[in-house]
Amino acid sequence: MSKIITFMTKPSQINSKSFYPRKYNPVFLKIGNLLEKCEPLENYISEDIKSGSTPPAEMFLKKSEKTNYFVKTSAIERHIININDLYNINKEYHKNKLKRSITKPYEIIYSMTGKYMGKAAMCPNTIEEINMSQNSVRITTNKKRNNAFLEIFLNSTLNRIQVKGLYSITKQKYINQTKISQLKVPKYYEDYNILIDKYLFAFDRYYESLNTIKNVINEFNNLIINNNKAINTFKIQSKEINKKLFTPSFYSSIALEKEKINFQYFNFEDNMEKNRWYTGKDIGSNNYADNGIPFIKTSDIVNFDVDYHPDCYCKENSYKNILKKGDIVFTKDGKIGEVAIIGQDSKIMPAGGLTIFHPQNDDERYGIFLVLSSKYGKLMFEKWSVIASTMTHLRKDNFLEDLKKLDYENDMVKILINKLKNGFEDRDESFKIIENISTAICEEIMKRI
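Residues numbered from 1 in each chain as written. Predicted model: local features only at pLDDT ≥ 70, side-chain atom pairs only at ≥ 80, totals over all residues. Heavy atoms only, no water.

Enquirer: I would appreciate a short explanation of the sheet that holds strand E2 (residues 50–51) in the present structure.
Expert: Strands pair in a sheet through their backbones, by hydrogen bonds, and they do so in one of two ways: parallel or antiparallel. With antiparallel pairing, four strands are arranged side by side in an open sheet as E2-E8-E5-E6. Looking at strand neighbours, the two that pair on one side only are E2 and strand E6 (120–122), the edges of this open sheet. As paired elements, strand E5 (residues 108–111) and strand E8 (residues 136–139) share four bridges and run antiparallel to each other. Within E8, the residue paired with Ile109 across the bridge is Arg138. Strands in contact with helix H3 (residues 144–154) are E5, E6 and E8; relative to E6, the strand with the most contacts, it is inclined by about 160 degrees. (Pairing = 2+ DSSP bridges. Helix = DSSP H or I, 4+ residues; strand = E, 2+ residues; numbered from the N terminus. Contact = heavy atoms within 4.5 Å. Axes fitted to C-alpha atoms, helices over the stretch in contact; angles between N-to-C directions.)

Enquirer: How do you make sense of the side chain of Asn147 when you look at a structure like this?
Expert: With respect to the helices and strands, the residue Asn147 is situated in helix H3. In this structure, Asn147 is in contact with Tyr106, Glu107, Ile108, Met122, Thr140, Thr141 and Asn142, ignoring residues within four places of it in sequence.

Enquirer: Looking at this model, I keep getting lost on the pattern of salt bridges. Mind explaining?
Expert: Side chains that differ in charge, positive against negative, can pair when their charged atoms come close. One pass over the structure, following the stated rule, counts 25 salt bridges. Between Lys332 and Asp333 there is a salt bridge; the shortest N-O distance is 3.3 Å. Judged by relative accessible area, which is 14%, Lys332 ranks as buried. Its relative accessible area of 15% is what places Asp333 among the buried residues. Between Glu444 and Arg448 there is a salt bridge, and its shortest N-O distance comes to 3.5 Å. Pair noted here: Glu444 and Arg448 are both in helix H11 (residues 411–448), with a separation of four residues, about one helical turn. The class of Glu444 is partly exposed, set by a relative accessible area of 23%. Judged by relative accessible area, which is 33%, Arg448 ranks as partly exposed. Several salt bridges share partner residues, and in doing so they unite Glu77, Lys119, Asp307 and Asp311 into one network. (Salt bridge = Lys/Arg side-chain N within 4 Å of Asp/Glu carboxyl O. Buried < 20%, exposed > 50% of the residue type's maximum accessible area, 1.4 Å probe, protein only.)

Enquirer: What is the right way to look at the packing of helix H7 (residues 248–260) against helix H9 (residues 375–383) in this model?
Expert: Two measures define how a pair of helices packs: the angle their axes make with one another and the distance between the axes. Axis separation between H7 and H9 bottoms out at 8 Å; the angle between their running directions is 150 degrees. Overall, the two elements H7 and H9 adopt an arrangement that is roughly antiparallel. Relative to H9, H7 is oriented so that their crossing is left-handed. Residue-level contacts link Ser249, Phe250, Ser252, Ser253, Ile254, Leu256 and Glu257 of H7 to Tyr376, Leu379, Met380, Glu382 and Lys383 of H9. Of the residues in the contact of H7 with H9, the class split is six nonpolar, three polar and three charged. (Parallel < 35°, antiparallel > 145°, perpendicular 65-115°, else oblique. Left-handed = near helix turned anticlockwise from the far one by under 90°. Nonpolar A, V, L, I, M, F, W, Y, C, P; charged D, E, K, R; others polar.)

Enquirer: What am I meant to see in the nonpolar core here?
Expert: It is characteristic of soluble globular proteins that their nonpolar side chains tend to be buried jointly. By size, the foremost hydrophobic cluster in this structure holds 114 residues, and its most contacted members are Ile139, Ile180, Leu372 and Phe399. For this core, the element with the most residues is helix H6 (residues 193–224), which contributes 13 residues. If near-sequence neighbours (up to four positions away) are discounted, Ile180 is found in contact with Leu41, Ile49, Tyr110, Met112, Val137, Ile139 and Ile175. The next biggest cluster of nonpolar side chains, apart from the first, holds eight residues, and it includes Ile283, Phe295, Tyr319 and Met349. (Core = buried A, V, L, I, M, F, W, Y, C linked by side-chain atoms within 4.5 Å.)

Enquirer: Sorry, what's going on with the packing of aromatic side chains here?
Expert: Two measures describe an aromatic ring pair: the distance that separates the ring centres and the angle between the ring planes. The full count for this structure, using the stated rule, is 26 aromatic pairs. Arranged with centres 5.6 Å apart and planes meeting at 40 degrees, the rings of Tyr308 and Phe431 form a pair that is tilted. Separated by 123 residues along the polypeptide, Tyr308 in the loop between strand E17 (305–306) and strand E18 (313–314) and Phe431 in helix H11 bring together distant segments of the chain. On the accessibility criterion, Phe431 (8% relative accessible area) is buried. Each residue in the set Tyr106, Phe203, Tyr206, Tyr207, Tyr308 and Phe431 is aromatic and connected to the rest through ring pairs, giving one cluster. Against the face of Phe60 rests Lys72, its NZ or CZ located 5.4 Å from the ring centre. The aromatic ring of Tyr167 is capped on one face by Lys173, whose charged end is 5.6 Å from the ring centroid. (Phe/Tyr/Trp six-rings, centres within 6.5 Å; stacked < 30°, edge-to-face > 60°. Lys NZ or Arg CZ within 6 Å of the ring centre and 35° of its normal.)

Enquirer: Help me understand the environment of Phe28, please; the structure alone is not making it clear to me.
Expert: Along the chain, the position of Phe28 falls in helix H1 (residues 26–34). Remark: the alpha-carbon pair of Phe28 and Asn226, spanning 198 residues in sequence, is separated by 60 Å. Those residues in contact with Phe28, other than ones at most four positions away along the chain, are Arg22, Lys23, Ile161, Gln162, Gly165 and Leu166.

These figures capture arrangement, not role.
What follows is the structure, encoded as structure tokens:
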């Protein structure tokens, strides 16, 4: 959606180097004056800014000891990266051909192109090395504190306004390495140290909690998946064929359920109540806004939560009180089967591609999340998916009617649910601290420039 903005500028302010009207927006000029005494980014960093490079398709492999993590711009959010949206590339290619953009813990990844332009996140300490596409750059000061401060500033409203007046447009928005290096950055003061150290502690704890959650999912998969009976082909008896679906994935899933899934931890008398699940609402581009209520689409599921700084917001009068802290969300259109538990007490408007559940207790919350996130859940998502109008859609009601619940009285299930609860509580508290300290640092910056 495009908006018309009208303003006036003085002829003396017009520079022949750029005729982009947004460069003469009074807000951008005001921020430019505020940052005038600050030094350019290149004076703060210890190495030249390095851009990534996208490997050829054959270098993308399944995760193994011979691969290394690779991040595309879609996985870079403000302050964090989406560990569930990482790719794996050949390790030798990473070390040799992409050596210049190898990024290590606490070094910054900054997106420079398209709708993701201007987002910054540090590499977590749970990843030894990561690489990136040509649409991102690596920035480092070689000091954890300075990296954290720089990442906070790059994500700030102040810098986003600065970037808005500097980027170029070819086929899409683009800010090159030279312009990134010339971004004005406020001075780092030593009395920021206490806040920054708390930020780094929360940052580490955030990613450790995600590992905890993933480990519980893997533990559950090991309980329910009988790998000794895994099969690559399947047979279906004619009496099992019905008119529900004629897609191969539907019938292969039936076979896999019978041969591969150990159902001893499930309650066969209790399926998902489909009347307790709700679908989000598409509000139309006329209701999009630059700020306001976050409007969450299917691409905004991040680290088993949602992106609280999405590309789209909506007006207050468009808000329907659907999502609240503790709700379960999964995607039903496009990239199906991304699952989240809402971790922050924020107003959120979900798009039509999302399905929402309000759990009554922790057993439901973490038990249903575990089922949906497991290999069994992925199998069921695949089973009830169809392609229509070039996009994959989930037959939601059939899916929920068919999906089994866990046996909450089972001792092993109780242990897994308790582990999940601890992991999610750590995740949510850590993210809250990250957000609060970012706000506090930005307020301090505004007082001192």
